[in-house]
Amino acid sequence: MTAVGPAAGGGAGPQNVFMDQFDLQARTQRVWDINHAIWFTLMGVGGGVFLVGRILNLTEGLGYVLGIPTVDVVSFLAIAVGGAILVADLGRPLQAWRAFVNVRTSWISWGAWSDLIFLVVAGLLVLPALSLGGSEPFSGLGWDPHGGDGGGLALEIVAGVAAVVVMTYAGAVLARPRAIPYWNSSAVPLQFLLSSAAMSVAVVMLIEVIAGEPVTAGQMVLLAVLTAALLVATVAHLLTRTTEPGKRESLERLLRGQYRGLFVGFVVAAGTALPLVLAVVGAAASGARDALAVLCFLLLVPGGFWLRLLTLRVGIFPPVHIPGVGGPRSVAIPAGG
């Protein structure tokens, strides 16, 4: 028997490189992109506008569409359009029912049910106010569409809980799997929730400006608190687990690479920090609040969209390296063979 090593001429066959080591470079996910970012943004605004309008008691002062408060109409439209984008993105819309079947293990199922529950319950809540041709055909249903009695308040609470889940579940969907380290953090759903709340306050303030109603100092303070919390959550996410494979590559793209201008310049500075400053100024300067409210809307909503889109686009699977065991191998062949 003669031992022939891998460098020997003649007898050795082609070497399988996977026997010695296996290398897989860091790679970016390609499934979630702009359609999902639009969907996440609309869901966050839809749920948030309903909550802000109801919590701040603004349903009766900002106008109506067919008898339904304008803030509620904006909320319903945002969630309906977001849901339509999701269904269209599935590729097989008739299979959309599958999103509802894994409530125990899937945040997507939680989100699907929350969207449905919100639209049904909030729709029932405002149904007595619906005006068609000068009449209110459902006014006899027996509850106050503004939540002023027991039945209306119960529907308002259920719809509000569903709205909170609608605002949060997109971030929770991303945060649960461990395969993408940048997503696998409680900071992602927290950022999405705070961003949704801040965008929603800005949308409601814009509706107030359009309706000729005053933007209050309290609303500016609320916006300042939300944007400050969002800024803290974003920076904290950037400063944790910075050397972890996968997240390291994500941070490189966000802070030093191709997305630096959009993320640092627009999302963090113009889309979060600047609205915080404007809200603080607006809390003190009553005469400038209308203009500042419009500016906050123009900065926060695009900033919220880009926060979500860039979060998706830096979803990077970490590199994988499996070293060989024992180094080069020798192959034994019969002498004279």
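Residues numbered from 1 in each chain as written. Predicted model: local features only at pLDDT ≥ 70, side-chain atom pairs only at ≥ 80, totals over all residues. Heavy atoms only, no water.

Chemist: Mind showing me how you'd approach the packing of aromatic side chains here?
Modeler: Any two aromatic rings considered together are summarised by their centre-to-centre distance and by the angle between their planes. Enumeration according to the criterion identifies eight aromatic pairs in this entry. Considering the side-chain rings of Trp32 and Trp39, the 6.4 Å spacing of their centres and the 15 degrees angle between planes classify their relative orientation as stacked. Each member of the pair Trp32 and Trp39 is classed as buried. Taking the centre distance of 5.6 Å and the plane angle of 75 degrees together, the rings of Phe305 and Trp306 count as edge-to-face. Chaining the aromatic ring pairs together yields one cluster made of Trp32, Trp39, Phe40, Tyr169 and Phe192. Over the ring of Phe317 we find Arg27, and its NZ or CZ is 4.6 Å from the ring centre. (Phe/Tyr/Trp six-rings, centres within 6.5 Å; stacked < 30°, edge-to-face > 60°. Buried < 20%, exposed > 50% of the residue type's maximum accessible area, 1.4 Å probe, protein only. Lys NZ or Arg CZ within 6 Å of the ring centre and 35° of its normal.)

Chemist: Just checking my understanding: could you explain the side chain of Asp115 for this structure?
Modeler: Counting through the fold element by element, Asp115 comes out in helix 3 (residues 107-126). Although Asp115 is buried, it makes no salt bridge; Arg308 carries the closest opposite charge, 13 Å away. Reaching out from Asp115, the side chain makes a polar contact with the side chain of Tyr169 at a distance of 3.2 Å. Those residues within four positions of Asp115 in sequence are excluded, and the remaining contacts are Met43, Val166 and Tyr169. (Helix = DSSP H or I, 4+ residues; strand = E, 2+ residues; numbered from the N terminus. Lys, Arg positive; Asp, Glu negative; His and termini not counted. Salt bridge = Lys/Arg side-chain N within 4 Å of Asp/Glu carboxyl O. Polar contact = N/O pair within 3.5 Å; in protein donor to acceptor, adjacent residues only side chain to side chain. Contact = heavy atoms within 4.5 Å.)

Chemist: Sorry, what's going on with the packing of helix 6 (residues 217-239) against helix 9 (residues 289-313) here?
Modeler: Each packed pair of helices is defined by two parameters, the angle between the axes and the distance between the axes. Running from N to C, helix 6 and helix 9 point in directions that differ by 25 degrees, and their axes come no closer than 12 Å. Of the possible angle classes, the one that applies to helix 6 and helix 9 is roughly parallel. The way helix 6 lies across helix 9 gives a crossing that is left-handed. Together, Ala217, Met220, Leu223, Thr227 and Leu230 of helix 6 and Arg289, Leu292, Ala293, Cys296, Leu300 and Leu307 of helix 9 make up the contact between the two elements. (Axes fitted to C-alpha atoms, helices over the stretch in contact; angles between N-to-C directions. Parallel < 35°, antiparallel > 145°, perpendicular 65-115°, else oblique. Left-handed = near helix turned anticlockwise from the far one by under 90°.)

Chemist: Mind showing me how you'd approach the confidence of the model for the protein chain here?
Modeler: Detailed reading of the predicted coordinates is not advisable wherever pLDDT is low. Confidence along the protein chain averages 85 in pLDDT terms, with 81% of residues attaining 70 or more. Across residues 1-22 the pLDDT falls below 50, and counting only partners more than four positions away or on other chains, this stretch makes 31 contacts in the model. Contacts for the low-pLDDT stretch residues 325-337, under 50 throughout, to residues beyond four places or in other chains number 17 contacts. (pLDDT = per-residue confidence, 0-100.)

Chemist: Can you walk me through the nonpolar core in this structure?
Modeler: In this structure, Trp32, Phe40, Phe118, Leu174, Leu223 and Leu254 are the most contacted members of the largest nonpolar core, which totals 78 residues. Ranked by residues supplied to this core, first place goes to helix 5 (residues 187-211) with twelve residues. Counting only domains with at least three residues in this core, you end up with domain 1 (29-176) and domain 2 (181-322). If we ignore the near neighbours within four places in the chain, the residues touching Phe40 are Trp32, Ala170, Leu174, Phe192, Arg308 and Leu312. (Core = buried A, V, L, I, M, F, W, Y, C linked by side-chain atoms within 4.5 Å. Domains from an automatic or database assignment.)

Chemist: I tried to follow unusual backbone geometry on my own but got confused; where do I start?
Modeler: Outside of glycine, negative phi angles account for most residues, and trans bonds account for most peptide bonds. Look at Asn57: it is not a glycine, yet its phi comes out positive at around 55 degrees. Residue position: Asn57 is located in the loop between helix 1 (34-55) and strand 4 (64-65). The phi dihedral of Arg241 is positive, around 50 degrees, even though this residue is not glycine. Topologically, Arg241 is positioned in the loop between helix 6 and helix 7 (247-255). Overall, the relative accessible area of 35% leaves Arg241 in the partly exposed class.

Chemist: Would you mind going over a nonpolar patch on the surface with me for this structure?
Modeler: Nonpolar side chains collect at one region of the surface, where Trp113, Leu116, Ile117, Val120, Leu124 and Val158 lie side by side and expose about 470 Å² of accessible area between them. Ranked by the residues each element gives to the nonpolar patch, the list is headed by helix 3, at five residues. (Patch = residues over 30% accessible without salt bridge, like charges linked within 9 Å, V, L, I, M, F, W, Y side chains within 5 Å. Areas by Shrake-Rupley, 256 points an atom, 1.4 Å probe, with all protein chains shown as cover.)

Chemist: I would appreciate a short explanation of the environment of Tyr64 in the present structure.
Modeler: With respect to the element layout, Tyr64 can be found in strand 4. Of the residues examined, Tyr64 reaches a relative accessible area of 41% and is grouped as partly exposed. Remark: the alpha-carbon pair of Tyr64 and Ser131, spanning 67 residues in sequence, is separated by 9.8 Å. Not counting the four nearest positions on each side in its chain, Tyr64 is found in contact with Thr59, Pro69, Thr70 and His146.

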